[in-house]
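Reading the structure
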Amino acid sequence: MRCLTDFEVPNDGEISLCEINGRMHAMNYNYANVNAFTNTVENYPKIHITRNLLHPVSSGDEGRALFLPVNVSFLKQLTQVYYEQGLVGVTHRFHPQSVDRFERYSSPSLINEVSQARNWSCDTIRCITWHPYVPKLAVATCDDNVRIFSGDDNSITPLLRTKQQRNITCIAWRPLSNTELAVGHENGIIVWNVDPNSSVARPSISNAMILQRIEHRPVVSIAWSPKGDKLISVAACDNTILVWDVELDKTSSLKRPGGSGNILVKWSPTGEKLFTCTNGLTFRVWDCRTWENERWSVLDGRVQSACWSNCGTTLLFATNIEPIIYGVIVKNDLIFSSDVETSSTQAIPLFDATKIDIDGVLVGGPVQCMESDPKGKHLAVLFQDTSCVAVFNIVREPGLQLIASSLVTGLPEEKSSTISFVQKFDAGACLTIGWSSGRIQYYPIVYTDLASNSDSNQTSNTSLYSSFSVSSFNK
Amino acid sequence: MALPVAGRRSVPECDGQNYCLNEGAFFLIISGFWTGLYYFLKVYISEKHLTFPVIYQRKVLQLKARILPLLKESFALSLWPTFYFTILYWCWGGDLTYNFNRTFGILENAKESMPSLIYLHLWMFGAIYYFNMSLMRFFFNLFLTEPVEFPLFKETPESLCLQESITLQDLPIVQSLACLDLHSLAQWSKSRRQAFFSLSQPGGHPHNWNSLIENVLKLLNEYTEVLNKSVESPELSKPVQVPAVPPCAIRPPDRFRNLRNMCLTPPDPGTIDVEISHSPLPGFGLPSVLAEKLKQKFQAVLNVIKMLLGINFLFGELPQASVQKCLANGHIIVWISQGVSVLACASIAEDRYGIVQKDLPGIITTLQGLDRLNKMPALARKMAGYDDFNYRMKGAVTSAVKRSLFNLCMTFSAYMKEFPLGKDVVLYLQTVYKA
């Protein structure tokens, strides 16, 4: 098993900017400019969400600070507590210890624990997602807003904000649509309809669809089917997985024993398989035709993060305890498209990410979040307690392997909070990193012949690409 | 249901008289009639259509997932008839027992009063009745909505195949299942898709695809026509507009189906269609024209009378009703439009003979026609409200059609310019898909 010593860190005082033809380029951060190396990300929006751009969050408790506590009779207290906090509050008043067991969760701390974003509760950027077809980026911030940036400098930045949208956990663009964005938050899901032509900076909630079920809270992960007709959501305190027909507000539920909640759902890019994991030992891979599942379990802890390869047959995952990245080959039931006959019987450990010190930079540790690029050639990994982002090459021939590629470091005081890949990037792959300072960095991984190829020929030749990249990785 | 209770107390002490009425049992038996009637009126008549689940799982799993909610629902729903019955009995129960006693010659029993627990019994029996009925409906739904794989070829002349079943409006469930099958086959089954992209032997004609696309377009066009009608019907005097099909959209008569348009260009403006009309002989023409005119006038007067007297309102088909009927069948359109678009998109890689090409402009134009749904004034949110089924179904249909068009535009984006499409269609596509 390979380990993190294969990585190289940029020199002191430099930050990683891009990777061109397999070679990482870094520059001193005072005059770092990625456009000096490549023009592929020139048109992307420059985003830095500083603290003073955030809108204040109203918690609803401001009024309380104005009043002083007084002594009233116990019965009166109870009535008041009942009006403000309901029955649970009253029981809490009677017997504080007993209620903690019944109280289902305290939402923010629970979300913080299971979230894909690092330091979810404090960092500015909670989640970023690229539109599948156009260069448009949705950014969820800690003030419960979603901003949509597009490359055009003159265009406005729509701000999605509403009272119902509290504690955003995940966002997802709807496939086969230009306008729709699903936002998963503490109490449910809101599917916004953001018209790119309209000049409204704050789209109204009346154009949105609000999906919620009382027992399905807090929604921590959502995924659209690749055809855009179904939406799947999982909640940390509900072991039922809901499949939504969004427009009709209808659900079917997938329910299997194991765990008291689910924390992650990922639809394979081909649409045939679905990955879900519980907050216990088990995770499942569903077949989306019959909705039967394969049950897997980890030895200890729970699956923290996972991602599919582009072909939908390989699943990479990592648990929240061990610093090891595993791979699973998933059986493909469809007769004519299967290259792989059976699922692997056990997960293959691919990479040991134990925390090490490379030239004074701490790297590795348990994984927080991992994403693979749409072409399935690269894997980006965000760690729980170190601030660098590690980029790997995924090699399938002769066997599934992860090969260290580069380390992306930020400014000295910055920590990475969340990562995402650009969905449509002809020249290779482009990793997008949200740093704790509110800065969003693009880290393009460019292959120059691909870039020139895509310039001359609008439709990129995928067969050429695959032959090229395999040879380049195997050398 | 009330029998065990009645049986237990069938011989109450009635001051030595032989027969007297046990009011509790009587109350429960009558309540049984009432609950049945109430359910029949409230649920059975009004909720007729089957609902397809979002995803179809094994039956046991569906039953397991549904049984507890059903039980809860039954208890909640049966509260109302129980409540109504209690009030009704309180008002007219006395008369009822009196009449009953008189009819059967039963002696009055003044002593016995109903136990208070009987209301709980009443509620429970109501709930059990509701639960039974909803379980029956659930099973009915479960077994009928099970996806079926239709054969793609006709084995015997009587047997049904997928292509035919799509337009089978007399058997809505078969039609729905066929549409669902088309949707899933387009998405999942390469081998079954191949049946449409192959030529039949002997002859080498794409019969399978032709019959499929003919039926699909027919269904979609009929749907659009009904929508058009319901938009226009308030003004009766207006002539019925033919749905705007651009001249170049390819909808050849069925006998030309097997000819492929190789160049896919709009008809050459140089050629002029010559309409040959046989002019009727002058001597016989005039009276028939007159008769026709008179008939039209008569019809117009009749229409006005009907409208003025409200006959139309009472007996005719309301425009709103046809829209509602359309929307009740919305799921069919959702599946069909997605199925056909996925199938057409798959053709770019799998269709070796270019069978699908010639029908693409037709498919796009027809799908665009469904946008009419957005122009229904009755379905604007202000009129309908959030929770209205029609409003939501409208959203589902329009969104599915948009996604289908988007998929087609994205897959064929390089060739879009080559398709002969009407101007309004192109404009519409630009709003849906901006590259």
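For clarity, every value in this text was computed on a predicted model and none was experimentally measured. Numbers given to residues run from 1 along each chain, matching the order in which its sequence is written. For naming, the first written chain is A and the first written ligand is 1, with later ones following in the order written. Totals for whole chains, interfaces and linings use every residue, but because this is a predicted model, local features are given only for residues with pLDDT of at least 70 and side-chain atom pairs only at 80 or more, for both listing and counting. The side-chain numbers reported here are obtained from all heavy atoms of the structure, hydrogens and water having been left aside.

**Quick notes on the overall build of chain A**
How we decide: Strands are runs of DSSP state E lasting at least 2 residues, helices are runs of H or I lasting at least 4, and numbering of each runs from the N terminus. When a residue's accessible area, from a 1.4 Å probe over protein chains only, is under 20% of the maximum for its type it is buried; when over 50% it is exposed; and in between it is partly exposed. The criterion used for residue contact is that any of the two residues' heavy atoms lie within 4.5 Å. Shrake-Rupley sampling with a 1.4 Å probe provides the accessible areas, and residues are treated as covered by the protein chains on show and by no other component.
The helix and strand inventory of chain A stands at five helices and 32 strands. Counting across all 475 residues of chain A, residues that qualify as buried make up 54%. Relative to all contacts within chain A whose residues are 6 or more apart in sequence, the contacts with residues 24 or more apart total 51%. For chain A, the exposed area adds up to about 21,100 Å²; of that, 51% sits on carbon and sulfur atoms.

**Side note on the interface of chain A and chain B**
As a reminder, the rule being used: A quick way to say it: buried area is the sum, across both parts, of accessible area lost when two parts are put together, with a 1.4 Å probe. For salt bridges, the criterion is a side-chain nitrogen of Lys or Arg within 4 Å of an Asp or Glu carboxyl oxygen. Definition of a polar contact: a pair of N or O atoms within 3.5 Å, with one able to donate and the other able to accept a hydrogen when the atoms are protein atoms, and with sequence-neighbouring residues admitted only if both atoms are side-chain atoms. Each residue is assigned to one class: nonpolar for Ala, Val, Leu, Ile, Met, Phe, Trp, Tyr, Cys and Pro, charged for Asp, Glu, Lys and Arg, and polar for all the others, Gly among them.
Listed as interface residues are 35 residues of chain A and, on the opposing side, 30 residues of chain B. Taken together, the two surfaces of chain A and chain B that pack against each other cover about 2,800 Å², and 59% of this comes from carbon and sulfur. Put simply, chain A and chain B have one salt bridge between them. Across the pair R58(B) and E292(A) runs a salt bridge, and its minimum N-O distance is 3.0 Å. The interface formed by chain A and chain B holds eight residue pairs in polar contact (both at pLDDT 80 or more) in total. Mapped onto the side of chain A that touches chain B, the elements with two or more residues apiece are β14 (238-245) and β15 (250-255) of chain A. Considering every element that reaches the side of chain A that touches chain B, the biggest residue donor is β15(A), with five residues. Partitioned by chemical class, the residues of the side of chain A that touches chain B number 13 nonpolar, 10 polar and 12 charged.

**So, a nonpolar patch on the surface**
Applicable threshold: In this analysis, a patch consists of residues with relative accessible area above 30% that form no salt bridge, clustered at 9 Å for like charges and at 5 Å for the nonpolar side chains Val, Leu, Ile, Met, Phe, Trp and Tyr.
Together, L37(B), F40(B), L41(B), Y44(B) and I45(B) make up a nonpolar patch on the protein surface, roughly 480 Å² of accessible area in all. With respect to the helices, strands and loops of the structure, I45(B) is situated in the loop between α2 (23-44) and α3 (59-77).

**Some points on empty space enclosed by the protein**
Over the atoms, a rolled probe matching the size of one water molecule traces out where space is still vacant. All names here are of chain A. To be explicit about the condition: Of the two site types, the cavity is a set of points on a 1 Å grid over the protein atoms alone where a 1.4 Å probe fits but cannot get out, and the pocket is an open set with protein on both sides within 12 Å along at least five of seven lines, each lined by residues with an atom within 4 Å of a point. Grid points are joined across faces, edges and corners, and a volume is the space filled by probe spheres set on the points.
Under the definition given, this model contains three cavities of 30 Å³ or more. Along the walls of the largest cavity sit N239, I241, L254, K255, R256, P257, G258, N262, T276, T278, R284 and W286, which together make up its complete lining. Of all the secondary-structure elements, those providing two or more residues to the lining of the largest cavity are β14, β15, β17 (273-278) and β18 (282-287). Residue classes in the lining of the largest cavity are distributed as four nonpolar, five polar and three charged.

**Points about helix α17 (residues 423-432) of chain B**
All names here are of chain B. Test applied: Of all possible arcs, the one meant is that of the directions from the helix axis to the C-beta atoms.
Those residues of α17 not exposed but buried are V425, Y428, L429 and V432. Taken end-on, α17 shows its buried residues confined to a sector of 100°, consistent with a single buried face. For α17, the exposed residues set more than 90 degrees away from the buried face come down to K423, L427 and T431. Looking at the packing, one finds that the buried side of α17 touches α14 (360-369) and α16 (389-411).

**A word on the domain arrangement of chain A**
Residues and elements named next belong to chain A. Quick reminder of the rule: Source of the domain bounds: an automatic or database domain assignment.
The domain architecture assigned to chain A consists of domain 1 (2-53 + 109-472) and domain 2 (73-108). In this complex, domain 1 contributes 11 residues to the contact, which on the side of domain 2 involves five residues. Inspection of the region where domain 1 meets domain 2 yields zero salt bridges. For the interface between domain 1 and domain 2, the tally reads three residue pairs in polar contact (both at pLDDT 80 or more). Of the residues belonging to the side of domain 1 that touches domain 2, the class tally is five nonpolar, three polar and three charged.

**Thoughts on the nonpolar core**
Keep this limit in mind: Nonpolar core, defined: a set of buried Ala, Val, Leu, Ile, Met, Phe, Trp, Tyr and Cys residues in which side-chain atoms within 4.5 Å join the residues together.
One finds L182(B), F196(B), W209(B), I336(B), I364(B) and L408(B) to be the most contacted residues of the largest nonpolar core, which totals 68 residues. For this core, the element with the most residues is helix α13 (residues 330-350) of chain B, which contributes 10 residues. Here F196(B) is in contact with L152(B), L162(B), Q163(B), L185(B), N208(B), W209(B), L212(B), L343(B) and I355(B), once residues within four sequence places are set aside. Formed by 41 residues, the second largest nonpolar core is a distinct cluster that contains C237(A), I241(A), V328(A) and V54(B).

**Notes on the UniProt feature "transmembrane region" (unreviewed entry) in chain B**
All names here are of chain B. To keep things clear, this is the line we draw: UniProt positions are given in the numbering used here, feature names are shortened, and annotations may be inferred rather than shown by experiment.
Taking the numbering used here, the UniProt-annotated feature "transmembrane region" (unreviewed entry) corresponds to residues 25-41, 74-93 and 113-131. Its end C-alpha atoms 25 Å apart, residues 25-41 is made of 100% helix and 0% strand. Here residues 74-93 is 95% helix and 0% strand, with 26 Å between the C-alpha atoms at its ends.

**Observations regarding the pairing of strand β8 (residues 170-173) of chain A**
Put simply, the test is: Any two strands with at least two DSSP-identified bridges between them are counted as paired.
Residue alternation in β8(A) divides its side chains into two sets, C170(A) and A172(A) and I171(A) and W173(A), and both sets are buried. Here β8(A) hands over to strand β9 (residues 180-185) of chain A after six residues, with L176(A) in that stretch at a positive phi of 55°.

**Things to note about the UniProt feature "repeat: WD" (unreviewed entry) in chain A**
The UniProt entry lists residues 219-254 of chain A under the feature "repeat: WD" (unreviewed entry), expressed in the numbering used here. In the segment residues 219-254 of chain A, helix accounts for 0% and strand for 67%; the C-alpha atoms at its two ends are 15 Å apart.

**Quick look at the sheet that holds strand β12 (residues 219-224) of chain A**
All names here are of chain A. Spelled out, the test is: To define axes, lines are fitted to C-alpha atoms, for helices over the stretch in contact only, and angles between the resulting N-to-C directions are given on a 0 to 180 degree scale.
On the basis of which strands lie adjacent, the open sheet formed by four strands has the order β12-β13-β14-β15 and antiparallel pairing. At either margin of the open sheet sits one strand with a lone partner, and together these are β12 and β15. Shown here is a sheet whose adjacent strand axes are inclined to one another by a mean of 25°, direction ignored. Here strand β13 (residues 231-235) pairs with β14 via four bridges, running antiparallel.

**Let's talk about the state of the cysteines**
Where two cysteines share a covalent bond between their sulfur atoms, that bond is called a disulfide. All names here are of chain A. Counted only if it meets this: Disulfides are defined as pairs of cysteine sulfur atoms found within 2.5 Å of each other.
Applying the stated rule across the entire model yields zero disulfides over all chains. The thiol of C3 is not disulfide-bonded; the next cysteine sulfur, from C388, is found 16 Å away. Between C388, a free cysteine, and C369, which holds the nearest cysteine sulfur, the sulfur-to-sulfur gap is 16 Å.

**Here we look at the pattern of salt bridges**
In the structure shown here, the tally under the stated rule is 18 salt bridges over all chains. Among the salt bridges present, the one from R174(A) reaches E180(A), with a minimum N-O distance of 2.8 Å.

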